[in-house]
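Summary of the model geometry
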Amino acid sequence: MTETEKMLAGKIYDPSEKSLAAQRTLAHKLSKQYNDTLEDEAEKREAILKELIPNQGKDTYLQGPIQFDYGIYTTFGERCYANFNLVVLDTCPVTIGNHVFFGPNCTLATPLHPYLPEERNMREKADGSLYDLEYGAPICIEDDCWIAANVTICGGVTIGKGCVIGAGSVVTRDIPAGSLAAGNPCRVIRPITEQDSIYLKKQLF
């Protein structure tokens, strides 16, 4: 297996490998270019995103600033929205469904590191360059989810269809569909039901 194949499969890999380093450098450059655009520069923004995140559905909008490790390993569905400061570390595949909303300061982090320091610390190659051993696990956010402000989603997590994840949560385990969940670590509070309809809240109208 190549280092890229190992990385995407969740195996131990060398992130300093040349093609991976080049992909990251490009993604970081494109993220910076996107962040330097203005909201009314729609065509310029769209062109950058097509290169950074080629796998995205129509009418998806990223407010920016954004930061992607690779971009090409992230998939967005249609009509997604991300507020300020979305960070996606997509060393393993990140799959985001349709109509997924992100509040500000959300992080999707697929990378994992060894717990033992002697396994985690930087190593030196014969040429003197440094590297470490990493692995990861994919993230999947299914359709119709709202990920509120300051949420971190860790590698290996699937968030089921129609969930709401409360602000400040750290999601370390799967969340079943149709759940309101929050906390650190994030836990299911209750199911979301028709009783949560805004049309039942007279004070809003």
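The rules we used
- Residues numbered from 1 in each chain as written.
- Predicted model: local features only at pLDDT ≥ 70, side-chain atom pairs only at ≥ 80, totals over all residues.
- Heavy atoms only, no water.
- Pairing = 2+ DSSP bridges.
- Helix = DSSP H or I, 4+ residues; strand = E, 2+ residues; numbered from the N terminus.
- Expected span 1.5 Å × (residues − 1).
- Buried < 20%, exposed > 50% of the residue type's maximum accessible area, 1.4 Å probe, protein only.
- Arc of directions from axis to C-beta.
- Contact = heavy atoms within 4.5 Å.
- Axes fitted to C-alpha atoms, helices over the stretch in contact; angles between N-to-C directions.
- Parallel < 35°, antiparallel > 145°, perpendicular 65-115°, else oblique.
- Left-handed = near helix turned anticlockwise from the far one by under 90°.
- Nonpolar A, V, L, I, M, F, W, Y, C, P; charged D, E, K, R; others polar.
- Patch = residues over 30% accessible without salt bridge, like charges linked within 9 Å, V, L, I, M, F, W, Y side chains within 5 Å.
- Areas by Shrake-Rupley, 256 points an atom, 1.4 Å probe, with all protein chains shown as cover.
- Salt bridge = Lys/Arg side-chain N within 4 Å of Asp/Glu carboxyl O.
- Polar contact = N/O pair within 3.5 Å; in protein donor to acceptor, adjacent residues only side chain to side chain.

**Remarks on the sheet that holds strand E8 (residues 107-109)**
Read from one edge to the other, the open sheet built from five strands follows the order E2-E5-E8-E15-E18, with strand pairing classed as parallel. Every interior strand has two partners, whereas the edge strands, strand E2 (66-68) and strand E18 (170-171), have only one.

**Points about helix H2 (residues 18-35)**
Side chains that are three or four residues apart share a direction in an α-helix, a result of its 3.6 residues per turn. Taking 1.5 Å per residue as the helical rise, H2 with its 18 residues ought to reach 26 Å, and the 26 Å between its terminal C-alpha atoms agrees with that figure. Within H2 the residues assigned to the buried category are Leu20, Arg24, Ala27, Leu30, Ser31 and Tyr34. Buried positions in H2, seen along its axis, are confined to an arc of 130° and lie on one side of it. Of the residues in H2, the exposed ones pointing more than 90 degrees away from the buried face are Lys18, Thr25 and Lys29. For H2, the elements touching its buried residues are helix H1 (3-8), helix H3 (42-52), strand E1 (61-62) and E2.

**Considerations on H3**
Listed as buried for H3 are Arg45, Ile48, Leu49 and Leu52. When H3 is viewed along its axis, its buried side chains cluster within an angular range of 100° and face the same direction. More than 90 degrees from the buried face of H3, the exposed residues found are Glu43 and Lys50. At its buried positions, H3 is contacted by H2, E1 and E2.

**With respect to the environment of Leu62**
Position of Leu62 among the secondary structure elements: in strand E1. Taking the C-alpha atoms as reference points, Leu62 and Phe101, separated by 39 residues in sequence, lie 10.0 Å from one another.

**With respect to the packing of H2 against H3**
A pair of packed helices is characterised by two quantities: the angle between their axes and the separation of those axes. Running from N to C, H2 and H3 cross one another at 160°; their axes reach a closest spacing of 10 Å. By the angle class used here, H2 and H3 are roughly antiparallel. The chirality of how H2 crosses H3 is left-handed. Between H2 and H3, the contacting residues are Leu26, Ala27, Leu30, Ser31, Gln33 and Tyr34 on the first element and Arg45, Ile48, Leu49, Glu51 and Leu52 on the second. Looking at the contact of H2 with H3 residue by residue, the classes come out as seven nonpolar, two polar and two charged.

**Structural notes on a nonpolar patch on the surface**
Taken together, the side chains of Ile198, Tyr199, Leu204 and Phe205 make up a nonpolar region of the molecular surface, amounting to roughly 500 Å² of accessible area. Positionally, Phe205 belongs in the segment after strand E20 (187-191).

**What to know about the environment of Thr110**
With respect to the helices and strands, the residue Thr110 is situated in the loop between E8 and strand E9 (111-112). Taking the C-alpha atoms as reference points, Thr110 and Asn121, 11 residues apart in sequence, are found 19 Å from one another.

**Some points on unusual backbone geometry**
Along the chain, Gly64 connects to Pro65 via a cis peptide bond; the corresponding omega equals 0°. Put simply, Asn184 and Pro185 share a cis peptide bond, and its omega is 0°. Mapping Pro185 onto the fold places it in the loop between strand E19 (179-182) and E20.

**As for the side chain of Ser31**
Topologically, Ser31 is positioned in helix H2. At 3.2 Å, the side chain of Ser31 forms a polar contact with the backbone nitrogen of Phe68. In contact with Ser31, not counting residues within four places along its chain, are Leu52, Ile66, Gln67 and Phe68.

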